[in-house]
Amino acid sequence: MTTKSSAPSRARALVFTSLGHFMNDGMVFFVPVVADILAKNHAISATVITAMLTVFYVASAGFGMVVGLVADSLGKRGLMIALGIFTLSIGLLGFYFSLIAPSGLGSDALAVVAALIAGVGSSFYHPLGGSVLQLTFTDESRGRALGVNGAFGSLGRALYPSLFFIVAALAISKANTVVIFAALGVVAAIVIASGLGGSVQVVSRRSSQAIDQSEQSSEHTASTTEKTTEKTIEKRSIRSMLTKSVVALMIIAFFRSMAFIGIVSWIPIYLTTQKHLGVTSQLGYTVTIMFVGGIFGQPFFGQLADRFDKRLVLAIDSFGSALTVFTYIFFSGAGAIVSLLFFGFFTFSGFPLLLSLVADYVPKDASTTGNALVWGLGSTGGQAVGPLVVGLLIFGSYTHLAFAFEVLAAIAALTVLGTPFMTKTARRTKMPVFG
C-alpha cells in the first residue's frame, strides 16, 4: 500500500464522516426545541415532555451497543452512518406530525414515537464515525482527523439553533421548518451513502495493515485484518478492565452527564417559561451562544489535559460548569448571557478529558471497549437518565426548573470528590479536542 493510493480514501472518509457529524449533532438539537414548542403551543404536560426526552436519550444510549455489534459483523460502516442519519430524519418527520396534530393524546403519542425513532437514529453516528476514522488513519494523523471531524459536530450544534429560527421566519410555520431540515437530513444520508458506502470496507483493511506494519508489537502483528483484530480484543476480559480508576471514571462520567444533559435538554423550556424569551429567534441565538462556548472550551481543556494532571483538569471542568449554572439562574441580562457562554465552555469539554483518561487506564488493544465502558455506559447512560431526573424534580411544574438545575449542578460539583480514586499516571496522551 502506498500513501498515494490511500490518500483519496482518507480524504473521502474525513469529508463524509464530518458531514455526518454536522448533520447528526445539528438535528439532535431539534428534540428539546420541539419539546418546547409542544409545551408552549400544545399545552403538553411536563409528564409527557419528560417521557419524550427520556425515551429519546434512552434509545440513543441503548441502541448504540446494537449498532456496534452489527457494524463489527457486517463492516458496512459508511452505509450504516447514512442509515442513522436517515432514521434521525424520519424521527424529525414524526415530530412534524405531532406539531400539526390537534392537541391531545394523539399528538402526545406521536411525539413519544418520534422521539424513539430519532433516538435510535442518533445512536448510529458516534460509534460508526469514530470507527471509520480510527480504521482509516494511522497513529500519526488519527488525532487530527478526529479533531477536524468533531469540530463539524460542534459546529452543527452551534449553528442549528439559529438556522432553525432563521428558516422558520421564511417558512410558513415552525412545523414546516422541521420538515425542511428532515428533508436535508435525507439528502445528506444519500450523499454519505454514495461517498462512503463503497469505500469503508477497503479502507478498514488498509488501516489494519498499516497499523500492523508501524506498531511492530506482539498485540498488533497477530492482527493482519480488521476481523482478527476484533477477535484479539474480544479475548480480553471486560472484567479485567474494571480497575478502580476505570470504575471511578465511569461513575464520574455518569453523574456529570446526568447533570449536564439533564439541564441542557430542558434549557429551551426554561428560557421560554422562566426567562420569557418565547419560541422566537432570540431563543435560537441564546442556545447558539451556549453551544459556541463548547467550541472554544474543548481545545482549551484538551491543551490543559496534555500539560497537567488530567484528574485535576477534569475536576476544574466539572466544578466550573456547576458554578456557571448557579450564576446563570441568579443573573439576568448580560450577566446571564455570559454565564450561559461559560456553561457551554465547561460543559461540552468532557470528550477530550474523559477519553484521554481512558487511554491512560485501558490497554491500547482494548481502547474501543474502554471507550464503550466510560463514554457509553458512563456518559451516555447518565445522558439517558438526566431528563427524567429533571422531570421528577420539577413536580409537574415548569416553575421548579431552576430548583432542578440547582440540584443537578450540586451533583456535578460533587463528582470532584471521585477524582482522587483515579490513579495519577505519568503517560501523556494527546486526544482530539473536539467531539
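Each residue is numbered by its place in its chain's sequence as written, counting from 1. Predicted model: local features are reported for residues with pLDDT of at least 70 only, side-chain atom pairs are reported and counted for 80 or more only, and whole-chain, interface and lining totals are derived from all residues. With hydrogens and water stripped out, all remaining heavy atoms of the structure feed into the side-chain values.

Only DSSP runs of H or I with at least four residues qualify as helices, and only runs of E with at least two residues qualify as strands; both kinds are numbered from the N terminus onward. A tally of helices and strands in the chain yields 19 helices and zero strands. In this analysis, two residues are considered to be in contact whenever any of their non-hydrogen atoms come within 4.5 Å of each other. Long-range pairs, those at least 24 residues apart, make up 83% of the contacts in the chain with a sequence separation of at least 6. Surface accessibility follows the Shrake-Rupley procedure with a 1.4 Å probe radius. Residue values consider only the protein chains on display as shielding. Total accessible area computed for the chain in this model is approximately 17,800 Å², and 70% of it derives from carbon and sulfur atoms.

The next point concerns the pattern of salt bridges. Take a side-chain nitrogen of Lys or Arg and a carboxyl oxygen of Asp or Glu: if they are within 4 Å of each other, that pair is a salt bridge. Under the criterion given, the structure shown has three salt bridges. For D25, the salt bridge goes to R157, with nearest N and O atoms at 2.6 Å. With a gap of 132 residues between them, D25 in helix 1 (residues 3-28) and R157 in helix 7 (residues 139-170) connect regions that are remote in the sequence. In this pair, the class of D25 matches that of R157, namely buried. Two residues, R311 and D309, come together in a salt bridge whose shortest N-O distance is 2.8 Å. Summary of the burial criterion: residues with accessible area below 20% of their type's maximum are buried, those above 50% are exposed, and those between are partly exposed, where the area comes from a 1.4 Å probe applied to protein chains only. Residue classification places D309 among the partly exposed residues on the basis of a relative accessible area of 21%.

In this section: helix 2 (residues 30-41). With 12 residues, helix 2 ought to run about 16 Å at 1.5 Å a step, and its terminal C-alpha atoms sit 16 Å apart, in line with that. Of all the 12 residues making up helix 2, 10 are buried; the element is thus mostly covered by neighbouring parts of the structure. Within the span of helix 2, buried status applies to F30, V31, P32, V33, V34, A35, D36, I37, L38 and A39. In this analysis, the expected span of each helix is defined as 1.5 Å times one less than the number of residues it contains.

What counts as an axis is a line fitted to C-alpha atoms, over the stretch in contact for a helix, and the angles between N-to-C directions run from 0 to 180 degrees. Between helix 15 (residues 310-330) and helix 16 (residues 334-347), whose axes approach to 8 Å, the crossing angle comes to 155°. What the angle tells us is that helix 15 and helix 16 run roughly antiparallel. Judged by the twist between their axes, the crossing of helix 15 over helix 16 is left-handed. Contact with helix 15, carried on its side by I316, D317, G320, S321, T324, V325, T327 and Y328, involves A336, S339, L340, F342, F343, F346 and T347 of helix 16 and no other residues of that element. Gly falls in the polar group here, along with every residue not listed as nonpolar (Ala, Val, Leu, Ile, Met, Phe, Trp, Tyr, Cys, Pro) or charged (Asp, Glu, Lys, Arg). Of the residues contributing to the contact of helix 15 with helix 16, the split by class is eight nonpolar, six polar and one charged. Angular relationships are summarised with four words: roughly parallel below 35 degrees, roughly antiparallel beyond 145, roughly perpendicular across 65 to 115, and oblique for the angles in between. Take the far helix as the reference: if the near one is turned anticlockwise from it by less than a right angle, the crossing is left-handed, and if turned clockwise, right-handed.

What we call a nonpolar core is a set of buried Ala, Val, Leu, Ile, Met, Phe, Trp, Tyr and Cys residues that are connected through their side-chain atoms within 4.5 Å. The biggest cluster of nonpolar side chains holds 90 residues, and the ones touching the most others in it are F95 and W266. If you tally residues by element for this core, the top one is helix 13 (residues 244-273), at 11 residues. Contacts of F95, omitting those with residues within four sequence positions, involve V31, V34, M52, A111, A114, A115, A118 and V178. A253, L353, V374 and M422 belong to the second largest nonpolar core, which has 21 residues in total.

Right, let's get into the environment of S194. Mapped onto the elements, S194 comes out in helix 8 (residues 174-196). Through-space distance from the C-alpha of S194 to that of G78 is 8.8 Å; in sequence the pair is 116 residues apart.

A separate point is helix 8. An ideal rise of 1.5 Å per residue puts 33 Å on 23 residues; helix 8 measures up with 33 Å between its terminal C-alpha atoms. Turning to helix 8, its buried residues number three or more, namely A175, T177, V178, F181, A182, G185, A188, A189, I192, G195 and L196.

When we look at a pair of aromatic rings, we describe it by the centre distance and by the angle of the planes. Pairing of aromatic rings covers Phe, Tyr and Trp, the last counted by its six-membered ring, and requires centre-to-centre distances within 6.5 Å; plane angles under 30 degrees mean stacked, over 60 mean edge-to-face, and any other angle means tilted. Enumeration over the complete set of coordinates arrives at 10 aromatic pairs. Ring geometry for Y96 versus F97: centroids 5.3 Å apart, planes at 65°, classification edge-to-face. The class for F97 is partly exposed, based on a relative accessible area of 41%. The rings of F22, Y160 and F181 are connected pair by pair, giving a single aromatic cluster.

Within the element layout of this structure, S379 appears in helix 18 (residues 367-393). Under the relative-accessibility criterion, S379 is labelled buried at 11%. Beyond its immediate chain neighbours, meaning those up to four positions away, S379 contacts A253, F254, S257 and V374.

Any residue with relative accessible area above 30% and no salt bridge may belong to a patch, with like charges joined within 9 Å and the nonpolar Val, Leu, Ile, Met, Phe, Trp and Tyr side chains within 5 Å. Nonpolar side chains collect at one region of the surface, where V148, F152, L155, L159, L163, I166, L170 and Y285 lie side by side and expose about 700 Å² of accessible area between them. In terms of residues, the nonpolar patch owes the most to one element, helix 7, which gives seven residues. Residue position: F152 is located in helix 7. Overall, the relative accessible area of 36% leaves F152 in the partly exposed class.

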